[in-house]
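Survey of secondary and tertiary structure
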Amino acid sequence: MRSFRVWLVMSGTLVLALAPVRADAAETITRTIFSDTFSGSTISTTNWESSGASLDGEGHLVVGSPIRSAKTFTQSNGHAEARIQASQAPSEPQRVFGVLTAEGEPVGGEYTALGSADVSRDGFHTYTIDWTTTTITWSADGTKVVELTRATAGEALRLTLKPSDGDGDRWGGGGVTLADSVTVTAKYSVAVVPAKKWQQFHTYQAGDRVTYNDVTYRVKAMHTSLPGWEPGLVPNLFQKI
């Protein structure tokens, strides 16, 4: 029976299966689902909804009033990371790098303090937001600072960048925040089909697993194998695992 590929999306988790062959294992992979380094002279309208922010032409977003992501994030888990310099160093990271509902409203829930944000207004610092279906956790330079237990589990989220003296989740003017990058990644569970021995003149898909000389490889790009294209000899097609 000929095999075919199907894609399934369940609860924000992307699963690749091979039917009718049944996978006997799964692995977790991380994918970048949003990225902006603020290059160029205009803000990406694909990434952001803004009327009070601008680019300085040197790779920085200048936030004089709040800006929010045009994209909503429906994944059941995610990791958002921003490099930020705030003219007034916030004691609570969510005051400059926060989340909103898909409708642009504050995310409801109960906050719990976890630590102190040891950041200054000098230089850029790394602010992160890690979310699950039930919690959202903010960190500053690797230190967990505050956690929100979500009132509504699993609701879609938007990101927001706010002025450095922003008042909680309210939108208002104030001190300037600079950001030089924002990246969001999410973890996906991918079903794994057992590796088979590498063959000549076989069409492989990216993600397939093959064995050659008792070593297992992951196929990096779709191709039809030719003599001399054995795993280990063509590193742009195979990754040793």
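As the structure is a prediction and not an experimental result, all values here were calculated from the model.

**A word on the sheet that holds strand 18 (residues 209-212)**
Pairing is mixed across the open sheet formed by 4 strands, whose spatial order is 16-18-19-21. Of all the strands in the sheet, the pair left with one neighbour each is strand 16 (196-197) and strand 21 (238-240). Sheet topology note: the strand 18/strand 19 (residues 215-219) ladder contains 4 bridges and is antiparallel. Looking across to strand 19, one finds that Val-210 is bridged to Tyr-217.

**So, the pairing of strand 15 (residues 177-192)**
Across 3 bridges, the pairing between strand 6 (residues 61-63) and strand 15 is antiparallel. Within strand 15, the position partnered with Leu-61 by the bridge is Ala-179. Taken together, the 8 bridges between strand 8 (residues 78-86) and strand 15 define a ladder with antiparallel strand orientation. Its bridge partner being in strand 15, His-79 is matched across the sheet by Thr-185.

**Comments concerning the nonpolar core**
Among the nonpolar cores identified, the biggest contains 35 residues, and Leu-61, Phe-97, Ile-136, Leu-159, Leu-161 and Val-182 are the most heavily contacted of them. Looking at which element gives the most residues to this core, the answer is strand 8, with 4 residues. Residues in contact with Ile-136, not counting those within four places in the same chain, are Val-99, Val-107, Ile-129, Asp-130, Trp-131, Val-146, Glu-147, Leu-148, Arg-150 and Leu-157. Within the second largest apolar cluster, 8 residues are counted, among which are Trp-198, Val-210, Val-219 and Phe-238.

**Some details on the pattern of salt bridges**
For the structure on display, the rule yields 3 salt bridges. Of the charged contacts in the structure, one is a salt bridge between Arg-68 and Glu-49, with a shortest N-O distance of 3.0 Å. Of the two residues, Arg-68 is situated in strand 7 (residues 67-69) and Glu-49 in strand 4 (residues 48-49); the sequence distance between them amounts to 19 residues. Residue class for Glu-49 comes out partly exposed when judged on its relative accessible area of 31%. The salt bridge partner of Glu-92 is Arg-95, with a shortest N-O separation of 2.9 Å. Arg-95 sits in the partly exposed class, given a relative accessible area of 25%.

**Observations concerning the pairing of strand 19**
In this structure, the hairpin formed by strand 18 and strand 19 is closed by a connection of 2 residues, where Asn-213 is found at a positive phi of approximately 50 degrees. The pairing of strand 19 with strand 21 spans 3 bridges and is classified as antiparallel. If you follow Arg-218 over to strand 21, its bridge partner there is Gln-239.

**Some remarks on the environment of Thr-160**
Within the fold, Thr-160 resides in strand 14 (residues 157-161). Separated by 3.1 Å, the side chain of Thr-160 and the backbone oxygen of Ile-67 make a polar contact.

What counts and how
Residues numbered from 1 in each chain as written. Predicted model: local features only at pLDDT ≥ 70, side-chain atom pairs only at ≥ 80, totals over all residues. Heavy atoms only, no water. Pairing = 2+ DSSP bridges. Helix = DSSP H or I, 4+ residues; strand = E, 2+ residues; numbered from the N terminus. Core = buried A, V, L, I, M, F, W, Y, C linked by side-chain atoms within 4.5 Å. Buried < 20%, exposed > 50% of the residue type's maximum accessible area, 1.4 Å probe, protein only. Contact = heavy atoms within 4.5 Å. Salt bridge = Lys/Arg side-chain N within 4 Å of Asp/Glu carboxyl O. Polar contact = N/O pair within 3.5 Å; in protein donor to acceptor, adjacent residues only side chain to side chain.

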